[in-house]
Amino acid sequence: MKQIIVFAGSNSKASINKQLAVYAAHLIENVNITLLDLNNFELPLYGIDYENENGIPENAHKLLEAIKSADGLILSLAEHNGAYSAVFKNSFDWMSRIDNKLWSNIPMLLMATSPGGRGGATVLGIAKDRFPYMGGHIVADFSLPLFNDNFIKGKLINKDLNEKLKEQVKAFQDAL
């Protein structure tokens, strides 16, 4: 059975991106799902001086090992001021010091959501441009606008958006 790693680019305990990622993962049949939480991989702020003095933290290795163990990745990115959240960018930076191709060409469903009308489209665009240089194999992507209006009680209630997500999930599953 295929192993899917699911996580959000957020450290919010009530992350809307985690909710979306989990929802998408449960649309896939016959896979093992492992949900990662960046709060369980606490890392110091990346800096070359820190790395030179202390090496690469064990949590960076553990997070990268979890990602590399997957047959597929579902990642939903939080957008902070039009870019990655600080916690995701820091984790990304640390992992890239171990392996510059950290995504290892593993099929990826890349998503973003926000309370606003653009649904994290800016951060999604940044990641879609950057991740391929880092071994990212993005086989499907999805942006959910107006999270609080469209996602209620653990479900995507907008039928058109739900169908679009299902299409992207199918493309992802077909790539596994």
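Structural data are supplied above this passage.
So, how was this worked out
Residues numbered from 1 in each chain as written. Predicted model: local features only at pLDDT ≥ 70, side-chain atom pairs only at ≥ 80, totals over all residues. Heavy atoms only, no water. Helix = DSSP H or I, 4+ residues; strand = E, 2+ residues; numbered from the N terminus. Buried < 20%, exposed > 50% of the residue type's maximum accessible area, 1.4 Å probe, protein only. Polar contact = N/O pair within 3.5 Å; in protein donor to acceptor, adjacent residues only side chain to side chain. Pairing = 2+ DSSP bridges. Axes fitted to C-alpha atoms, helices over the stretch in contact; angles between N-to-C directions. Contact = heavy atoms within 4.5 Å. Core = buried A, V, L, I, M, F, W, Y, C linked by side-chain atoms within 4.5 Å. Right-handed = clockwise from strand over helix to strand, strands pointing away. Arc of directions from axis to C-beta. Salt bridge = Lys/Arg side-chain N within 4 Å of Asp/Glu carboxyl O.

### As for unusual backbone geometry
Reasoning step 1: A positive phi angle, close to 60 degrees, is found at Asn30, a residue other than glycine.
Reasoning step 2: With respect to the helices and strands, Asn30 occurs in the loop between α1 (16-25) and β2 (31-35).
Reasoning step 3: Unlike most non-glycine residues, Lys153 shows phi in positive territory, near 55 degrees.
Reasoning step 4: The class for Lys153 is exposed, based on a relative accessible area of 82%.

### Concerning α1
Reasoning step 1: Burial within α1 is extensive, with 8 of its 10 residues counted as buried.
Reasoning step 2: Buried within α1 are the following residues: Ile16, Asn17, Lys18, Leu20, Ala21, Tyr23, Ala24 and Ala25.
Reasoning step 3: Capping the start of α1, Ser15 holds a side-chain oxygen 3.1 Å from the backbone nitrogen of Asn17, two or three residues further along.

### Notes on the sheet that holds strand β1 (residues 2-9)
Reasoning step 1: Pairing is parallel in the open sheet, where 5 strands are placed in the order β2-β1-β3-β6-β7. Since the sheet does not close on itself, it has two edges, and those belong to β2 and β7 (137-144), each with one partner. This sheet shows a mean twist of 20 degrees between the axes of neighbouring strands, independent of strand direction.
Reasoning step 2: Two strands pair when backbone bridges link them, and strand β6 (residues 107-113) and β7 are joined in this way by 7 bridges, in the parallel orientation. Across the sheet, residue Leu109 finds its bridge partner in β7, namely Ala140.
Reasoning step 3: Across the sheet, α1 touches β1, β2, β3 (72-77), β6 and β7, and the angle it forms with β6 is around 135 degrees.

### Some remarks on the side chain of Ser15
Reasoning step 1: Mapped onto the fold, Ser15 is located in the loop between β1 and α1.
Reasoning step 2: Not counting the four nearest positions on each side in its chain, Ser15 is found in contact with Ala8 and Ser10.

### What about the nonpolar core?
Reasoning step 1: In terms of nonpolar packing, the biggest core is built from 28 residues, with Phe7, Leu77, Phe88, Trp103 and Phe131 touching the most fellow members.
Reasoning step 2: Excluding anything up to four places from it in sequence, Trp103 contacts Phe7, Ile67, Leu73, Leu75, Phe88, Phe92, Met108, Phe131, Met134, Gly135 and Gly136.

### With respect to the pairing of β6
Reasoning step 1: With 7 of its 7 residues buried, β6 lies for the most part within the structure.
Reasoning step 2: With burial as the criterion, each face of β6 is covered, one bearing Pro107, Leu109, Met111 and Thr113 and the other bearing Met108, Leu110 and Ala112.
Reasoning step 3: For β3 and β6, the ladder comprises 5 bridges, and the chain directions are parallel. Residue Ile74 lies in a different strand from β6, and its bridge partner there is Leu109.
Reasoning step 4: A crossover connection joins β6 to the parallel β7 through helix α5 (residues 121-130); in handedness this β-α-β unit is right-handed.

### Some words on the pairing of β3
Reasoning step 1: Along β3, 6 of the 6 residues are buried, which leaves the element largely enclosed by surrounding structure.
Reasoning step 2: Side-chain alternation along β3 places Gly72, Ile74 and Ser76 on one buried face and Leu73, Leu75 and Leu77 on a second face that is also buried.

### Focus on helix α3 (residues 58-68)
Reasoning step 1: Every buried residue belonging to α3 is among Ala60, Leu63, Leu64, Ala66 and Ile67, and all of these are buried. Relative to the axis of α3, the buried residues are bounded by an arc of 155 degrees and lie together on one face.
Reasoning step 2: Where α3 is buried, its residues meet β1, β3 and α4 (86-98).

### Let's talk about the pattern of salt bridges
Reasoning step 1: Within the structure shown, the criterion is met by 7 salt bridges.
Reasoning step 2: Of the charged contacts in the structure, one is a salt bridge between Asp99 and Lys68, with a shortest N-O distance of 2.6 Å. Residue Asp99 is found in the loop between α4 and β6, and its partner Lys68 is found in helix α3; the two are separated by 31 residues along the sequence.
Reasoning step 3: The closest approach of N and O atoms between Glu163 and Lys166, which form a salt bridge, is 3.9 Å. Residue Glu163 and its partner Lys166 are both found in helix α7 (residues 159-175); the two are separated by 3 residues, about one turn of the helix.
Reasoning step 4: Residue classification places Glu163 among the partly exposed residues on the basis of a relative accessible area of 44%.

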